[in-house]
Amino acid sequence: MANLLGGLFGNYSEVSVQELTSQYGMYLMSNEKIQMGFKLVRDSFIITDERLIFIDHQGVTGKKTRVASIHLDSIIDVTMETGGTGFDDSELTIHYITSPYYKSNNVHVASYKFEFGKKFNLQPIYVNFLTLAHQNHKRLNG
């Protein structure tokens, strides 16, 4: 019941790798492996060893599906906000390069925000994405 209420309030809840693989394995590239994933009522957010995958089931029946990705090597920054008192949620915002060439003079950047329940321990995920962003900065600017 708590997961359903969290989903109704726009919060992701963690889902097993096995469940995600059986449900969304057809969207994986060859040799790509799911590391972890989350569900929000009908939609899912999956972290693989190559990219972040967003599964957006649309319409009344949810049969129409939009699949989008953010490649891990394009992530350049991450911010985290923990839940406070009251109805505040924890938030993780990923900032990433959308340009096809990461080292161009005209780089385009976008961001995507995820909301988790205030009791969800977001810190390990934040540190992993921050480490990845730091490595990407060094690679792109080195």
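Computed from a predicted model, the values in this text were never measured in an experiment.

Trainee: Before we go on, may I ask you to explain the sheet that holds strand β7 (residues 90–97) in this structure?
Mentor: Think of a sheet as strands paired side by side through backbone hydrogen bonds, with each pair either parallel or antiparallel. Read from one edge to the other, the open sheet built from three strands follows the order β6-β7-β8, with strand pairing classed as antiparallel. Here the strands that pair on one side only, and so sit at the sheet edges, are β6 (75–81) and β8 (109–116). Pairwise comparison of adjacent strand axes, ignoring direction, gives a mean angle of 15° for this sheet. With six bridges connecting them, β6 and β7 associate as antiparallel partners. In the strand pairing of β7, Thr79 is matched with Thr93. Along the sheet, helix α3 (residues 123–141) makes contact with β6 and β7, crossing β6 at roughly 155°.

Trainee: Just checking my understanding: could you explain α3 for this structure?
Mentor: Structurally, the α-helix is built with 3.6 residues per turn, so residues lying three or four positions apart point the same way. When the terminal C-alpha atoms of α3 are compared, their 26 Å separation across 19 residues agrees well with the 27 Å that a helix rising 1.5 Å per residue should span. Taken residue by residue, α3 has Ile125, Phe129, Leu132, Ala133, Asn136 and Leu140 as its buried positions. Projected down its long axis, α3 shows its buried positions confined to an angular sector of 100°, all on one face. Exposed residues lying more than 90 degrees from the buried face of α3 are His134, Lys138 and Asn141.

Trainee: What am I meant to see in the packing of aromatic side chains here?
Mentor: Two aromatic rings, taken as a pair, are described by how far apart their centres are and by the angle between their planes. Counted under the stated rule, the structure contains seven aromatic pairs. An angle of 20° between the planes, with centres 5.7 Å apart, marks the rings of Phe38 and Phe45 as stacked. For the pair formed by Phe38 and Phe45, the shared burial category is buried. Judged by centre distance (4.0 Å) and plane angle (20°), the rings of Phe45 and Phe114 are stacked. With a gap of 69 residues between them, Phe45 in strand β3 (residues 43–48) and Phe114 in strand β8 connect regions that are remote in the sequence. Chaining the aromatic ring pairs together yields one cluster made of Phe38, Phe45, Phe54, Tyr112 and Phe114.

Trainee: Sorry if this is basic, but what is going on with the pairing of strand β2 (residues 34–40) here?
Mentor: Put simply, side chains in a regular strand alternate between the two faces of the sheet. When you tally the buried positions in β2, you get five out of seven residues, the bulk of the element. Across three bridges, strand β1 (residues 13–15) lies against β2 in antiparallel orientation. Pairing of Ser13 across the sheet is with Lys39, part of β2. Across six bridges, the pairing between β2 and β3 is antiparallel. Its bridge partner lying in β3, Gly37 is registered against Ile46. Taking the residues between adjacent antiparallel strands as the criterion, β2 and β3 are bridged by two residues, where Val41 takes a positive phi near 50°.

Trainee: Could you clarify how one ought to interpret a nonpolar patch on the surface in this entry?
Mentor: The grouping of Met26, Tyr27 and Val67 at the surface amounts to a nonpolar patch, some 270 Å² of accessible area in total. With respect to the element layout, Met26 can be found in the loop between α2 (17–24) and β2. Residue class for Met26 comes out exposed when judged on its relative accessible area of 58%.

Trainee: Help me understand the environment of Glu81, please; the structure alone is not making it clear to me.
Mentor: Relative to the helices and strands, Glu81 is located in strand β6. Exposure remark for Glu81: the relative accessible area of 47% places this residue in the partly exposed category. Separated by 45 residues in the primary sequence, Glu81 and Tyr126 place their C-alpha atoms 9.8 Å from one another. In this structure Glu81 touches Asp89, Ser90 and Glu91, once residues within four positions along its chain are discounted.

Reading the values: rules and limits
Residues numbered from 1 in each chain as written. Predicted model: local features only at pLDDT ≥ 70, side-chain atom pairs only at ≥ 80, totals over all residues. Heavy atoms only, no water. Pairing = 2+ DSSP bridges. Helix = DSSP H or I, 4+ residues; strand = E, 2+ residues; numbered from the N terminus. Axes fitted to C-alpha atoms, helices over the stretch in contact; angles between N-to-C directions. Contact = heavy atoms within 4.5 Å. Expected span 1.5 Å × (residues − 1). Buried < 20%, exposed > 50% of the residue type's maximum accessible area, 1.4 Å probe, protein only. Arc of directions from axis to C-beta. Phe/Tyr/Trp six-rings, centres within 6.5 Å; stacked < 30°, edge-to-face > 60°. Patch = residues over 30% accessible without salt bridge, like charges linked within 9 Å, V, L, I, M, F, W, Y side chains within 5 Å. Areas by Shrake-Rupley, 256 points an atom, 1.4 Å probe, with all protein chains shown as cover. Salt bridge = Lys/Arg side-chain N within 4 Å of Asp/Glu carboxyl O.

Spatial relationships are all this shows, so hold off on functional conclusions.
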